[in-house]
Amino acid sequence: MTTKTERIIPIADGRRSKALPDAGSLHAADRAGTDALGRHLRDLRISVTDRCNFRCVYCMPRDKFGADYPFLARRELLSFEEIARLARVFRGRGVEKVRLTGGEPLLRKDLERLIGMLAAIPGLDMTLTTNGALLARKARALKSAGLQRVTVSLDSLDDAVFRAMNDADFPVAEVLNGIETAAAAGLTPVKINMVVKRGVNEHSVVPMARYFKGSGHIVRFIEYMDVGATNGWCMDDVVPSAELVRMIDAEMPLELLDANYPGEVAARWRYRDGSGEIGVISSVTQAFCSNCTRARLSTEGMLYTCLFAGQGYDLRGLLRGGSSDEEIDAAIARIWHARADRYSEIRTVETAKSRKIEMSYIGG
Ligand code: SAM
């Protein structure tokens, strides 16, 4: 029998980089800008820190991310100038949307300065995912710096359940205050991410939908995923999104909406009485790899082409090694051209045990 501890892979191992695909591998498909499965590069998630002030049990369990955990040293992090330079190159490669994430992005000092630098890149839509703990304090400054929207994670309105899930004894009321302050600052529509874990917070699903119905905020229910290697994921813990939709629909009738754009991760449902919409993100039961247009830049400049990747490509090495923008662009083109990831489509009990990078490091 395999025990949980035997399955844990030291996270530092996953930070090793992959060799860049060779220059010869770029031909016609690159001119089309698509990867090996015909997908364009449209979204970039940028992790600005691997640290977090929460220890959510499904993401950064406290026993694995304790006081002696080897978080990145400051000199290893990409500077704001390095991030902005890469973002410009990615914009030139077709990226339309950037999401700042982490770790907890609002822990990164002077984040507003980075937001200002990214807001100056023409045509780039910019949003941020946060646990909301510091949002009430920072929302106005984020908006003034040029941030367009926020997504706030909130797993239950039941204070005891939420405090247990964030494992930092953080109260619901402060996150709700952050959400309302963000909305008042114009970071709208505010999206609220709720990860649903069987037996932990599924009873919070309907109250969550009920609370935000008619508020203009959009709750997105997320299937618990086998990201990383520390959360002890198993399929029995997943509440399929079809079940989530049934639970909500039974009290507040729903109908399916069209996607806003190709590749949107959440399936959209609207309340039949016209009082708003919800989303469900079904990475486990209805994989959306075939439409996946996302790349992820880690805090220290590794590029990952899948949330479930084991290794990334070292862009910081290019930045700090004196490569020109054209050379970095060509490297990104080769990486994207070679991309054939479709982990969620081929997930099995065995792949769930494979070495994968932690979500707190790669960014959600
Ligand atoms: N600290 C920020 C936050 O809490 O939103 C950003 C980083 S967090 C890793 C991004 C998102 O990933 C959150 O909404 C979180 O709930 C979600 N997440 C983390 N681990 C997950 C898992 N195993 N399955 C599904 N979603 C997960």
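Predicted, not measured: the structure shown is a model, and the values here were computed from it.

A. Representation of the overall build of the protein. Across its full length, the protein holds 13 helices and 13 strands. Relative to the globule expectation of 21 Å for 364 residues, the C-alpha radius of gyration of the protein, 20 Å, shows essentially globular dimensions. By its C-alpha atoms, the protein is 55 × 55 × 40 Å across when sized along the principal axes. Expressed as a percentage of its 364 residues, the buried residues of the protein come to 54%. Roughly 15,100 Å² of accessible area belongs to the protein as shown, and the carbon and sulfur atoms make up 52% of that amount. Each charge class in the protein can be summarised by its mean position, and for the 51 positive and 47 negative side chains these summaries are 2 Å apart.

B. Structural view of the packing of helix α4 (residues 80-92) against helix α12 (residues 325-338). Put simply, α4 and α12 touch, their axes get as near as 10 Å, and they point 60° apart. By the angle between their axes, α4 is oblique relative to α12. The chirality of how α4 crosses α12 is right-handed. Mapping the contact onto sequence places R85, L86, V89 and F90 in α4 and D325, I328, D329 and I332 in α12. Among the residues forming the contact of α4 with α12, the class breakdown is five nonpolar, no polar and three charged.

C. Seen up close, the packing of aromatic side chains. Counted according to the given criterion, the structure contains six aromatic pairs. A ring pair is formed by Y69 and F71, whose centres lie 4.6 Å apart and whose planes are at 65°; its orientation type is edge-to-face. The pair Y69 / F71 is uniform in exposure class, with both members buried. For the pair Y304 and Y361, a centre-to-centre distance of 6.0 Å together with 80° between the ring planes defines the contact as edge-to-face. In this pair, Y304 is assigned in strand β12 (residues 302-304) and Y361 in helix α13 (residues 359-362), connecting sequence segments 57 residues apart. There is no split in this pair, since Y304 and Y361 are both buried.

D. Inspection of the pairing of strand β10 (residues 277-281) at higher detail. Counting buried residues in β10 gives five out of five residues, a clear majority hidden from the surface. Because side chains alternate across β10, one face comprises the buried residues E277, G279 and I281, and the other comprises I278 and V280, equally buried. The pairing of strand β7 (residues 218-223) with β10 spans four bridges and is classified as parallel. Among the inter-strand pairings, I222 is bridged to a residue of β10, identified as I281. The pairing of strand β9 (residues 267-271) with β10 spans four bridges and is antiparallel. Residue pairing in the sheet places W269 in a bridge with I278 of β10. From the end of β9 to the start of β10, which pair antiparallel, there are five residues, and G274 there has a positive phi angle of about 80°.

E. The arrangement of the packing of helix α5 (residues 111-119) against helix α6 (residues 135-145) in detail. Between α5 and α6, the shortest axis-to-axis distance is 8 Å and the interhelical angle comes to 25°. With respect to each other, α5 and α6 are oriented roughly parallel. Crossing handedness for the pair α5 and α6: right-handed. Residues L111, E112, I115, G116 and A119 of α5 touch α6, and the partners they reach there are K138, A141, L142 and A145. Across the contact of α5 with α6, the residue classes tally to six nonpolar, one polar and two charged.

F. Expanded view of the site of the ligand. The environment of the ligand is formed by 20 residues, the closest being Y58, G103, S153, M225 and M359. With respect to the ligand, the side chain of N231 contributes an N or O atom lying 3.4 Å from a nitrogen atom. For the ligand, whose accessible area on its own is 550 Å², the fraction buried by protein is 95%. Residue assignment for the shell around the ligand shows that the elements contributing at least two residues are β4 (125-130), β6 (191-196) and β7.

G. Quick peek at the pattern of salt bridges. Counted according to the given criterion, the structure contains 21 salt bridges. D35 is paired through a salt bridge with R39; the nearest N and O atoms lie 2.7 Å apart. Each member of the pair, D35 together with R39, is buried. Where R163 meets D159, a salt bridge forms, and the shortest distance between an N and an O atom there is 2.7 Å. Here D159 and R163 lie together in helix α7 (residues 159-166), a separation of four residues that amounts to about one turn.

H. Main features of the pairing of strand β3 (residues 97-101). Burial within β3 is extensive, with five of its five residues counted as buried. Judged by which residues are buried, β3 turns out to be covered on both faces: K97, R99 and T101 on one side and V98 and L100 on the other are all buried. Here five bridges tie strand β2 (residues 43-47) to β3, and the two strands are oriented parallel to one another. For S47, the partnering residue across the bridge sits in β3 and is T101. In this structure, β3 lies alongside β4, joined through four bridges in parallel fashion. Paired with K97 across the strands is D125, a residue of β4.

Each value, and the rule that gives it
Residues numbered from 1 in each chain as written. Predicted model: local features only at pLDDT ≥ 70, side-chain atom pairs only at ≥ 80, totals over all residues. Heavy atoms only, no water. Helix = DSSP H or I, 4+ residues; strand = E, 2+ residues; numbered from the N terminus. Rg over C-alpha atoms; globule rule 2.2 N^0.38 Å. Buried < 20%, exposed > 50% of the residue type's maximum accessible area, 1.4 Å probe, protein only. Areas by Shrake-Rupley, 256 points an atom, 1.4 Å probe, with all protein chains shown as cover. Lys, Arg positive; Asp, Glu negative; His and termini not counted. Charge placed at Lys NZ, Arg CZ, Asp CG, Glu CD. Axes fitted to C-alpha atoms, helices over the stretch in contact; angles between N-to-C directions. Parallel < 35°, antiparallel > 145°, perpendicular 65-115°, else oblique. Left-handed = near helix turned anticlockwise from the far one by under 90°. Contact = heavy atoms within 4.5 Å. Nonpolar A, V, L, I, M, F, W, Y, C, P; charged D, E, K, R; others polar. Phe/Tyr/Trp six-rings, centres within 6.5 Å; stacked < 30°, edge-to-face > 60°. Pairing = 2+ DSSP bridges. Near = heavy atom within 4 Å. Polar contact = N/O pair within 3.5 Å; in protein donor to acceptor, adjacent residues only side chain to side chain. Salt bridge = Lys/Arg side-chain N within 4 Å of Asp/Glu carboxyl O.

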